[in-house]
Amino acid sequence: MANSSASSLTNSSGAIEAGNVSQSQPELVDPEPHRIRLLSWNIDGLDLENLQTRTKAACDTIVTEKPDVVYLQEVVLESLQIIKSNLPGYNVHPAADKAYFTCVLLKKSSTVFEKSKIMPFTTSRMSRNLLTVKAKVKGIPMYLITSHLESTKEHKEERKRQLLLSFKHMMEADPTCTVIFGGDLNIRDKEITEVGGVPDTIYDLWEVSGKRPIAQWTWDTRRNDNLGINSRYLPYLRFDRLYIHHSDVPRIKPVYFELVGLTRIQGCGRFPSDHWGILTHYDKVRL
């Protein structure tokens, strides 16, 4: 999925521009200049059933919630075209152009793109990588990092290596920038313990935003039946996570963490994805 040319820096002209539809026009005046929102969501492009309908529903959620930044995982070429057509208010930065991949979406009216980089995980058996976008979000310099870490229990050692590399990448970033990393990390709490825990200077955004139980399980087959699991035991896990590493002078404060994508789509009766999206809210800190 990742290749050598993908790891080079690209400027704003290299972003994939979304199409031109009326439902997502740029805002002329920001009604909440103090507030930043970031959404992360595995939109399950590998499930071809109702793919167009489900992807459109995910786009509708983005239009409604108006996040400044979006991290997407399991995007495929067909769903990418739907995203481009339905989200003209965003620039789209993909991590690849084949199979399935991640993307970072930047809201045109509130962000300024600077550069991007793709770092392949060289020992991955699933072509996983780390996508980093440097941008200003409502004037705050940030490194925006997403990944889809190695999947399934059998590949936990590789997943732990990828997580540690991601944490290292966060801590080595420019100290004048806020860093937010996350996505579908496929990580289990036991694996976090096995790698020595989260570094002291990195914070789990679900935890620091109140640890609300209703927003804990992001892959929950008790509530989400997209996979059609027929079993007495229905698994539920916190696969999707976001972490923050503050700049040397903190510029934003996490204030709220919630799940999105909880409503069934009329017609097909399914949810947009087998994962819930995670929407995080931050207030800018006055200096």
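Residues numbered from 1 in each chain as written. Predicted model: local features only at pLDDT ≥ 70, side-chain atom pairs only at ≥ 80, totals over all residues. Heavy atoms only, no water.

> Pulling in residues and values, what's your account of the environment of Val260?
By the secondary structure assignment, Val260 is in strand β14 (residues 252-260). On a C-alpha basis, the gap between Val260 and Glu158 in space is 29 Å, while along the polypeptide they are 102 residues apart. Apart from the residues lying within four places of it in its own chain, the contact partners of Val260 are Leu39, Trp41, Thr61, Glu65, Trp276, Gly277 and Leu279. (Helix = DSSP H or I, 4+ residues; strand = E, 2+ residues; numbered from the N terminus. Contact = heavy atoms within 4.5 Å.)

> Got a sec to walk through the packing of aromatic side chains? Specific residues and values, please.
Following the criterion strictly, the structure yields 5 aromatic pairs and no others. On the basis of an interplanar angle of 80° and a centroid distance of 5.0 Å, the ring pair of Trp217 and Tyr236 is categorised as edge-to-face. With a gap of 19 residues between them, Trp217 in the loop between α5 (205-208) and β11 (219-220) and Tyr236 in strand β12 (residues 236-237) connect regions that are remote in the sequence. The partly exposed category is assigned to Trp217, whose relative accessible area is 23%. Tyr236 sits in the partly exposed class, given a relative accessible area of 28%. Ring centres of Phe271 and Trp276 lie 5.1 Å apart, and the angle between their planes is 90°; this geometry places the pair in the edge-to-face category. Assigned by exposure class, Phe271 and Trp276 land together as buried. Connected via pairs of aromatic rings, a cluster forms that spans Phe167, Phe181 and Tyr243. Over the ring of Tyr236 we find Arg222, and its NZ or CZ is 3.5 Å from the ring centre. (Phe/Tyr/Trp six-rings, centres within 6.5 Å; stacked < 30°, edge-to-face > 60°. Buried < 20%, exposed > 50% of the residue type's maximum accessible area, 1.4 Å probe, protein only. Lys NZ or Arg CZ within 6 Å of the ring centre and 35° of its normal.)

> So what about helix α1 (residues 51-65)? Which residues, and what values?
The end-to-end C-alpha distance of α1 is 21 Å, a good match for the 21 Å that 15 residues give at a rise of 1.5 Å each. Buried residues belonging to α1 abut β2 (35-42), β3 (69-75), α2 (77-86), β4 (90-94) and β14. (Expected span 1.5 Å × (residues − 1).)

> With reference to specific residues and values, describe the pairing of β3.
Counting buried positions over the 7 residues of β3 gives 7, a clear majority of the element. Sheet topology places β2 next to β3; 5 bridges connect them, and they run parallel. Within β3, the position partnered with Asn42 by the bridge is Gln73. Handedness of the crossover joining β2 and β3 through α1 is recorded here as right-handed. Bridge analysis of β3 against strand β5 (residues 101-107) gives 5 bridges, and the strand direction is antiparallel. By the bridge assignment, Val70 is partnered in β5 with Leu105. (Pairing = 2+ DSSP bridges. Right-handed = clockwise from strand over helix to strand, strands pointing away.)

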